[in-house]
Each structure stands twice: as C-alpha cells, then as structure tokens.
Amino acid sequence: MVDVMLMRALLAAVPDRAALLIVGDIDQLPSVGPGQVLADIIASGIVPVVRLTEVFRQAARSRIVTSAHGIIGG
C-alpha cells in the first residue's frame, strides 16, 4: 500500500549498492495516496516476481480463504 511519494523517499534513502526486496500483496487495497506502485512494478515485467499461493494463516476451507478467492476470481 505504498504510494508514489513514499516509494520515492524510500528509494532516495536506500544506498546505491544496496539490494531492495519488495514484498507485498497485489490483492490488497490500493494505497490511499497517489499511484499503485506495487501493481505497476509487477506489470512492468522488469523485475522477477514470485506469487505465493498457499495459505498458512487460516484453514484451507475457512470462509475467509474461500471468500477472498471468490472476490479475486470475480
């Protein structure tokens, strides 16, 4: 949920020789501020992306998981 201004500040603060690992959930609500940084980074195809598919926080058939998958699927 990082907006453009916060990402700009983060990138300015990270040393040039440092690696930056961005972890996020593309299915989360968008940032309150302008931009959709994570979605744009993923859509760019420039950086490697790994999508985790196994749920560990709830039982596989919990209503939270099945409802979330239903919403994501349209």
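Only a predicted model underlies this, so the values are computations on that prediction, with no experimental measurement involved.

Engineer: Where do I start with the overall build of the protein chain in this structure?
Structural biologist: The number of helices and strands found in the protein chain is three helices and zero strands. Counting from the amino terminus, the protein chain carries its helices and strands in the arrangement α-α-α. Against the globule reference of 11 Å for 74 residues, the protein chain gives a C-alpha radius of gyration of 15 Å, more extended than a compact globule. Along the longest, intermediate and shortest principal axes, the C-alpha atoms of the protein chain span 45 × 25 × 20 Å. Counting every position in the protein chain, which comprises 74 residues, the buried fraction comes to 8%. Pairs at least 24 apart in sequence give 49% of the contacts found in the protein chain among residues at least 6 apart. Carbon and sulfur atoms provide 61% of the accessible area of the protein chain, an area that totals close to 6700 Å². The protein chain carries 6 positive and 6 negative side-chain charges, and their two centres are separated by 6 Å.

Engineer: Is there a simple way to explain the confidence of the model for the protein chain in this structure?
Structural biologist: Confidence along the protein chain averages 86 in pLDDT terms, with 99% of residues attaining 70 or more. The weakest mean pLDDT in the protein chain belongs to helix α3 (residues 63–72) at 81; the strongest belongs to helix α1 (residues 4–13) at 95.

Engineer: Whenever I open this one, the environment of Gln58 confuses me. Can you help?
Structural biologist: Among the structural elements, Gln58 can be located in the loop between α2 (37–44) and α3. Among the residues examined, Gln58 registers a relative accessible area of 28% and is labelled partly exposed. Residues Gln58 and Val47 lie 11 residues apart in sequence; the distance between their C-alpha atoms is 30 Å. Setting aside anything within four residues of it in sequence, one finds Gln58 in contact with Ile64 and Val65.

Engineer: Hey, could you run me through a nonpolar patch on the surface in this one?
Structural biologist: The grouping of Ile26, Ile42, Ile46, Val47 and Val49 at the surface amounts to a nonpolar patch, some 410 Å² of accessible area in total. On the basis of relative accessibility, which here comes to 33%, the residue Ile26 falls in the partly exposed class.

What counts, and where the lines are drawn
Positions within a chain are numbered from 1, following the residues in the order the chain's sequence is written. The model is predicted, so local features are restricted to residues of pLDDT at least 70 and side-chain atom pairs to those at 80 or more, both for listing and for counting; the totals for chains, interfaces and linings are taken over all residues. Hydrogens are left out, water is left out, and the side-chain values use all remaining heavy atoms of the structure. Note on conventions: DSSP H or I runs of at least 4 residues are helices, E runs of at least 2 residues are strands, and numbering of each starts at the N terminus. Computation of the radius of gyration draws on C-alpha atoms alone. For the globule rule, the value is 2.2 Å times the number of residues to the power 0.38. In this scheme, a residue with accessible area under 20% of its type's maximum is buried, one over 50% is exposed, and one in between is partly exposed, where area comes from a 1.4 Å probe on protein chains only. Residue contacts follow a heavy-atom distance rule, with two residues in contact if any of their heavy atoms lie within 4.5 Å. Note on areas: Shrake-Rupley with a 1.4 Å probe; residue coverage comes only from the protein chains shown. Charge assignment in this entry is limited to Lys and Arg as positive and Asp and Glu as negative, and neither His nor the chain termini are counted. One atom stands in for each charge, and that atom is NZ of Lys, CZ of Arg, CG of Asp or CD of Glu. pLDDT is a per-residue confidence score from the predictor, ranging from 0 to 100. Grouping into patches uses exposed residues only, defined as over 30% relative accessible area, and leaves out salt-bridged ones; the cut-off is 9 Å for like charges and 5 Å for nonpolar side chains (Val, Leu, Ile, Met, Phe, Trp, Tyr). Salt bridges are counted wherever a side-chain nitrogen of Lys or Arg sits within 4 Å of a carboxyl oxygen of Asp or Glu.

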